[in-house]
Amino acid sequence: CKINGRNHMLMYSLTMEEAYNENVILDADIRKALHNDEFELYYQPQINVTTGEVIGLEALIRWMHPKKGPVSPAKFIPLAEESGVITQIGEWVIREACHQHKEWIEKGHKPMRIAVNVSAVELQRTDFAAKVQGILTETHMDPHFLEIEITENSVMQNTEDCILTMNCLRRMGISLSIDDFGTGYSSFGYLKQFPINYLKIDQSFVRSALKEQSSAAIVRAMIQLAHNFGLRVVAEGVEDEHVLSLLKNEQCDYYQGYYFSKPVNAMEIEKNYFSI
Ligand code: C2E
Ligand code: CA
Ligand code: CA
Ligand code: CA
């Protein structure tokens, strides 16, 4: 009958809409998530190649969606950048990392550097350094324990303004690193203009260094270049001991990757690295 048919159609389209919503993240969802405290920072240790000591932690955002479960930042960060809500997410990330740092100090743990990721959209804002200063003051964070990771490409947009902001952050005592190095458009020549402390070699080179001569040569060249500029090198995506020994041979300073630890929540960090 007709009514049944129509009901059927209605049901069908509702299901379609639901299916659609399952996979689509909307700007409004992100804003709601911020409001409902659904974001969490995970931390991945960075290890000194020679001593084996943890020298810092990279904070990586996770969205604990009440229905979808954990949503990868690779899924929502690009959208947040497009809509502009990344500014609020970025502020939350820096504030949360500073709070966490303070909490660990109050519990008597040895302070460790925490690196946060900042996207191009945030860095381009003229009030970015002032915002960061405000958060440092509010959280009583010692800026020497804060590091900001900026991707190579984000510095290449509006380079002069970015360098001004970077200089400002450095004067505040914050460390800076170039993330995903080697994947972007900058030439080696630009590197000496950036007031940075660390260079992070992109995982794609690290992971293929054992299989491809060319990647190994690139990794070697990057490490030498960075050292010539007085920078420390962090290799990302270290998944096994073979890559680690290759990096050691090339005099890499620090490494980060699943071989040592996946990113874990603050409680796991305490359990794994702060227990006596
Ligand atoms: P990224 O900054 O390059 O972070 C490294 C990514 O590699 C992380 O993915 C990390 O979990 C993963 N990883 C670490 N070690 C290994 C390894 O040994 N093997 C493999 N296969 N992967 C490894 P994640 O956490 O999913 O983050 C993805 C990207 O999302 C980040 O790439 C970063 O660009 C962005 N992101 C994460 N958190 C934030 C944030 O708070 N703010 C902004 N703006 N971006 C963020
Ligand atoms: Ca907390
Ligand atoms: Ca990063
Ligand atoms: Ca990276």
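Quick note: structure is the one above.
An account of the accompanying structure is given in this report.

Quick notes on the rules
Residues numbered from 1 in each chain as written. Chains lettered and ligands numbered in written order. Predicted model: local features only at pLDDT ≥ 70, side-chain atom pairs only at ≥ 80, totals over all residues. Heavy atoms only, no water. Core = buried A, V, L, I, M, F, W, Y, C linked by side-chain atoms within 4.5 Å. Buried < 20%, exposed > 50% of the residue type's maximum accessible area, 1.4 Å probe, protein only. Helix = DSSP H or I, 4+ residues; strand = E, 2+ residues; numbered from the N terminus. Contact = heavy atoms within 4.5 Å. Near = heavy atom within 4 Å. Polar contact = N/O pair within 3.5 Å; in protein donor to acceptor, adjacent residues only side chain to side chain. Areas by Shrake-Rupley, 256 points an atom, 1.4 Å probe, with all protein chains shown as cover. Arc of directions from axis to C-beta. Expected span 1.5 Å × (residues − 1). Phe/Tyr/Trp six-rings, centres within 6.5 Å; stacked < 30°, edge-to-face > 60°.

### Some words on the nonpolar core
If you look at the biggest cluster of nonpolar residues, it comprises 78 residues, and the most contacted ones within it are F76 and I89. Counting residues per element, this core draws most heavily on helix α4 (residues 86-106), at eight residues. Beyond its immediate chain neighbours, meaning those up to four positions away, I89 contacts I30, L34, F39, I61, F76 and A80.

### Quick word on the site of ligand 1
The environment of ligand 1 is formed by 23 residues, the closest being Q44, R62, Q203, E239 and Y258. Note that an oxygen atom of ligand 1 is positioned 3.1 Å from one of the side-chain N or O atoms of N117. One nitrogen or oxygen atom from the main chain of Y258 is found 2.7 Å from an oxygen atom belonging to ligand 1. For ligand 1, whose free accessible area comes to 800 Å², the fraction covered by protein is 82%. Among the secondary structure elements, those contributing two or more residues to the shell around ligand 1 are β2 (54-65), α3 (73-83), α4, β6 (175-181) and α10 (203-208). Ranked by residues supplied to the shell around ligand 1, first place goes to β2 with four residues.

### Topic: helix α2 (residues 27-35)
For α2, the full list of buried residues reads D29, I30 and A33. Along the long axis of α2, the arc covered by the buried residues comes to 100°, so they all point the same way. Opposite the buried face of α2, at more than 90 degrees from it, the exposed residues are A28, K32 and H35. The positive-phi residue at the C-terminal boundary of α2 is D37, with phi of around 65°.

### So, helix α8 (residues 159-171)
Look at α8: 18 Å from first C-alpha to last across 13 residues, which is about the 18 Å you get at 1.5 Å a residue. Those residues of α8 not exposed but buried are T159, C162, I163, T165, M166 and L169. One side of α8 holds all its buried residues, which, seen down the axis, span an arc of 165°. Opposite the packed face of α8, turned more than 90 degrees from it, sit the exposed residues E160, L164 and R171. For α8, the elements touching its buried residues are α5 (120-123), α6 (128-139), β5 (146-151), α7 (152-156), β6 and α9 (188-191). Looking one or two residues beyond α8, the residue adopting positive phi is G173, at roughly 105°.

### Some words on the packing of aromatic side chains
Tallied over the full model, the rule gives nine aromatic pairs. Relative to W63, the ring of F39 lies with its centre 5.5 Å away and its plane at 45°, an arrangement referred to as tilted. In this pair, F39 is assigned in strand β1 (residues 39-48) and W63 in strand β2, connecting sequence segments 24 residues apart. Grouping residues by exposure puts F39 and W63 together as buried.

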